[in-house]
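Residue-level structure breakdown
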Amino acid sequence: QVQVEESGGGSVQPGGSLRLSCTASGTIFSINAMGWHRQAPGKQRELVAFVAAGATANYADSAKGRFTIVRDNAKNTVYLQMNSLKPGDTAVYLCYGVVKSSRSSPTQTVWGQGTQVTVSS
């Protein structure tokens, strides 16, 4: 089984920065993509950023120019560097990995439990 765990959330002032980390562990044959969604109460779940193997990163319009996603394949880890944070960025940030446990296994999407980001004065 594959597990995904996020860390790095917290409370910051507007204009501040946070770096979120996400690590996949367990029986992993390959990781085809990793990314981040966010969920705020009363709002629709939103794709923030993702990166697939051998491809450039993709970002939501609200994240472009402020957020950067970086993948460390050796550590099965992806980071989300968030700069110039706004109150509207407040949400639970959830990491996912698109993974295969073996060569013959089907691809599955595994989600972490989420980490809270709060941006307020």
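A quick note: this is a predicted structure, and the numbers were derived from the prediction, not measured.

Definitions and cut-offs
Residues numbered from 1 in each chain as written. Predicted model: local features only at pLDDT ≥ 70, side-chain atom pairs only at ≥ 80, totals over all residues. Heavy atoms only, no water. Disulfide = S-S within 2.5 Å. Helix = DSSP H or I, 4+ residues; strand = E, 2+ residues; numbered from the N terminus. Buried < 20%, exposed > 50% of the residue type's maximum accessible area, 1.4 Å probe, protein only. Contact = heavy atoms within 4.5 Å. Salt bridge = Lys/Arg side-chain N within 4 Å of Asp/Glu carboxyl O. Core = buried A, V, L, I, M, F, W, Y, C linked by side-chain atoms within 4.5 Å. Pairing = 2+ DSSP bridges. Axes fitted to C-alpha atoms, helices over the stretch in contact; angles between N-to-C directions.

Counting across every chain of the model gives one disulfide. Here Cys22 engages in a disulfide with Cys95; their sulfurs sit 2.0 Å apart. Residues Cys22 and Cys95 share a disulfide whose torsion about the S-S bond is about -85 degrees; that sign makes it left-handed. Of this pair, Cys22 sits in strand 3 (residues 18–26) while Cys95 sits in strand 9 (residues 91–100), and the two are 73 residues apart along the sequence. By the burial criterion, Cys22 is buried, and Cys95 matches it.

This brings us to unusual backbone geometry. The backbone of Asn76 shows a phi angle near 50 degrees, a positive value even though the residue is not glycine. On the accessibility criterion, Asn76 (26% relative accessible area) is partly exposed. Even without glycine at this site, Ser84 takes up a positive phi of about 50 degrees. Structurally, the position occupied by Ser84 is in the loop between strand 8 (77–82) and strand 9.

A few words on the environment of Arg66. Tracing the backbone shows Arg66 in the loop between strand 6 (58–59) and strand 7 (67–72). When the C-alpha positions of Arg66 and Ser84 are compared, they lie 6.1 Å apart, and in sequence the two are 18 residues distant. Beyond its immediate chain neighbours, meaning those up to four positions away, Arg66 contacts Gln81, Met82, Asn83, Ser84, Leu85, Lys86 and Asp89.

So, about the pattern of salt bridges. Throughout the structure, instances matching the rule amount to four salt bridges. Two residues, Arg38 and Glu46, come together in a salt bridge whose shortest N-O distance is 2.8 Å. By relative accessible area, which is 8% here, Arg38 ends up buried. A salt bridge links Asp89 to Arg38, with the shortest nitrogen-to-oxygen separation between them at 3.0 Å. Within this pair, whereas Asp89 is found in the loop between strand 8 and strand 9, its partner Arg38 is found in strand 4 (residues 30–39), the two being separated by 51 residues in sequence. For Asp89, a relative accessible area of 2% translates into the label buried.

Within the secondary structure, Ala91 sits in strand 9. Remark: the alpha-carbon pair of Ala91 and Ser17, spanning 74 residues in sequence, is separated by 14 Å. In this structure, Ala91 is in contact with Arg38, Gln39, Ala40, Thr115, Gln116 and Val117, ignoring residues within four places of it in sequence.

Residues Trp36, Val48, Phe67, Leu80, Met82 and Tyr93 are the most contacted members of the largest nonpolar core, which totals 28 residues. Of all the secondary structure elements, the ones that give two or more residues to this core are strand 1 (2–7), strand 3, strand 4, strand 5 (46–52), strand 7, strand 8, strand 9 and strand 11 (115–119). Beyond its immediate chain neighbours, meaning those up to four positions away, Val48 contacts Trp36, His37, Arg38, Asn58, Tyr59, Ala60, Ala63, Phe67, Leu80 and Tyr93.

Next up on the list: the sheet that holds strand 1. Strand order in this open sheet of four strands is 1-3-8-7, and the pairing throughout is antiparallel. The sheet terminates laterally at strand 1 and strand 7, the two strands that pair on one side only. Sheet twist, expressed as the mean angle between neighbouring strand axes with direction ignored, is 15 degrees. Inspection of the sheet shows strand 7 paired to strand 8 by six bridges, in the antiparallel sense. Residue pairing in the sheet places Phe67 in a bridge with Met82 of strand 8.

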